[in-house]
Amino acid sequence: MNDFEYRGGELFCEDVRAKDLIEKYGTPLYVYSRKAISGGFDRLSDAFRKIDHLICFSVKSCSNLGVLRVLKEKGSGFDIVSGGELFRIEEINADMSKVVFAGVGKTNDEIEYALEQNILMFNVESEQEAERINSVAGDLGVEAGIAIRINPDVDPKTHKYITTGKSENKFGVDIERGYDLYKKVAGLKNLAVKGIQMHIGSQITEIEPYVTAVGKIARLAERIKKDIIPLSYMDIGGGMGIVYKDEKPFDVPAFAEAVIKEIKSLGMKLIIEPGRYISGNSGVLLTQVQYLKKSAEKNFVIVDAGMNDLIRPSLYGAYHRIEPVSKRDKSSVLCDVVGPVCESGDFIAKDREIGRVSQDDYLCVFSAGAYGAVMSSNYNSRPRAAEVLVDGNEDIMIRKREEYLDLTRLDNPNI
Ligand SMILES: *Cc1c(COP(=O)(O)O)cnc(C)c1O
């Protein structure tokens, strides 16, 4: 993670001092490293160089236009899950022939919008959805590219909220029903059946379950190709895990080799949909200590970033490394790092040993690039944080800090 490193006790993002960013933009502040984003993309692309492949960055993990532009310039495609995400990538003039659209609840309007944009394919999550896409495409007089999302019923051994490929999850179509559904959709005349897709969960650190699932899908694809219809795309989703604390790093080269072995003979183009792997460790959240408070049981470090800015700890009990932006000495304190929101669930860390800080000092919350800013809200009427992209020794504001007026702008003032 040397795109964020300490030099002489001061945190830097690439060649920019975090303290300078704070002076310029204030806190709470999301900071992304361009080099880290590109680096994640390159590691994946390099690992899969031996097979024809397309990387579709998962927009939902980090959807700021500045970040999406970095990926577009790398040649990335995009994995979207809503009309809003489609709008974002339209705003950056993304190549729509590299766009896949997932999600269990696509509306008529979203389908129409995506067909007008001529995306590569919809990753279809149910029989009714296939019928709806067929009918919307018919009305528009176009053909809709589709893959069916197959649920391989494999446990990726991650947090239950981020597991998506077990039969109890709402995503995809059971693998046993996959073959028959392909038979059916092959007969729908406004659909161009292009591929097969899976996505079994997020923050996966073990490659075995993931490869097992790919093998299951590959064998189904083989039968479908032989008996029903040719398929050109094998989309294996995202979910490659990152190191937040002491997780075993996801072994991308070994994973790529195993995946290639499973699917090479099929002659299909591989699609991967990484989100967190690219964005997670490419961003941090900087925050200022407001108060230190002691209770009978605890030391509280109260900061100006709350669950509305970063909800992962509250929502999943997620771990984020926290360190002072300026390290003065080696002393530390056991504390809860909490936000200003009026909820007991508003914390960034509990019972954590962190470097000692004083009132008004700054803390860095690491690994906040994925599912950070995108999950932020205005709860407690708190304006959303600013976002900055660092490139070498330059910093570019990629999202302005919201103002109070932004909070009430859409409320009807006439009542
Ligand atoms: C969320 C999601 C991804 C990305 O997941 P990561 O864990 O961030 O890699 C990819 N594909 C689909 C369909 C998703 O819903």
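Structural data are supplied above this passage.
Reading guide: rules and limits
Residues numbered from 1 in each chain as written. Predicted model: local features only at pLDDT ≥ 70, side-chain atom pairs only at ≥ 80, totals over all residues. Heavy atoms only, no water. Core = buried A, V, L, I, M, F, W, Y, C linked by side-chain atoms within 4.5 Å. Buried < 20%, exposed > 50% of the residue type's maximum accessible area, 1.4 Å probe, protein only. Domains from an automatic or database assignment. Contact = heavy atoms within 4.5 Å. Near = heavy atom within 4 Å. Polar contact = N/O pair within 3.5 Å; in protein donor to acceptor, adjacent residues only side chain to side chain. Areas by Shrake-Rupley, 256 points an atom, 1.4 Å probe, with all protein chains shown as cover. Nonpolar A, V, L, I, M, F, W, Y, C, P; charged D, E, K, R; others polar. Pairing = 2+ DSSP bridges. Helix = DSSP H or I, 4+ residues; strand = E, 2+ residues; numbered from the N terminus. Phe/Tyr/Trp six-rings, centres within 6.5 Å; stacked < 30°, edge-to-face > 60°. Axes fitted to C-alpha atoms, helices over the stretch in contact; angles between N-to-C directions. Parallel < 35°, antiparallel > 145°, perpendicular 65-115°, else oblique. Left-handed = near helix turned anticlockwise from the far one by under 90°.

Novice: So what's going on with the nonpolar core? Which residues, and what values?
Specialist: The biggest cluster of nonpolar side chains holds 104 residues, and the ones touching the most others in it are Ile-89, Phe-122, Ile-196 and Met-234. Counting only domains with at least three residues in this core, you end up with domain 1 (4–32 + 280–408) and domain 2 (34–278). For Phe-122, the residues in contact, after removing those within four places along its chain, are Phe-101, Lys-106, Ile-111, Ala-114, Leu-115, Ile-133, Ala-144, Gly-145, Ile-146 and Ala-147. By size, the runner-up hydrophobic cluster in this structure holds 19 residues, among which are Val-16, Ala-18, Ile-22 and Ala-386.

Novice: Hey, could you go over the site of the ligand for me, with residue numbers and the actual values?
Specialist: Within the structure, the ligand sits among 14 residues, and Lys-60, Ser-202, Gly-239, Glu-273 and Tyr-371 are positioned closest to it. One of the side-chain N or O atoms of Asp-79 is found 3.0 Å from a nitrogen atom in the ligand. The contact in question runs from an oxygen atom of the ligand to an N or O atom on the backbone of Arg-276, over 2.8 Å. Summarising the interface, the protein chains cover 94% of the accessible area of the ligand, which totals 390 Å² for the free molecule. Classifying every residue of the shell around the ligand gives three nonpolar, six polar and five charged.

Novice: How would you sum up the sheet that holds strand 1 (residues 4–7)? Please name residues and give values.
Specialist: Within the open sheet, the three strands sit side by side as 1-2-3. Their pairing is antiparallel. One side of each edge strand has no neighbouring strand; the edge strands of this open sheet are strand 1 and strand 3 (16–17). Relative to strand 2 (residues 10–13), strand 1 is paired through four bridges, and the arrangement is antiparallel. Each residue of the ladder has a partner; that of Glu-5, found in strand 2, is Phe-12.

Novice: An account of the packing of aromatic side chains is needed here, citing residue identities and associated values.
Specialist: Enumeration according to the criterion identifies six aromatic pairs in this entry. Both rings, one in Phe-101 and one in Phe-122, keep their centres 5.8 Å apart while their planes meet at 25°; by these two values the pair is stacked. Highlighted residues: Phe-101 in strand 7 (residues 99–101) and Phe-122 in strand 8 (residues 121–124), separated in sequence by 21 residues. With a relative accessible area of 0%, Phe-101 lands in the buried category.

Novice: Any details on the packing of helix 2 (residues 34–47) against helix 3 (residues 65–73)? Residues and values, ideally.
Specialist: For the pair helix 2 and helix 3, the least separation of the axes is 10 Å and the interaxial angle reads 45°. Classified by the angle their axes make, helix 2 and helix 3 are oblique. In terms of crossing hand, the pair formed by helix 2 and helix 3 is right-handed. Here Arg-34, Ile-37, Ser-38 and Phe-41 of helix 2 lie close against helix 3, whose contacting residues are Val-67, Val-70, Leu-71 and Glu-73.

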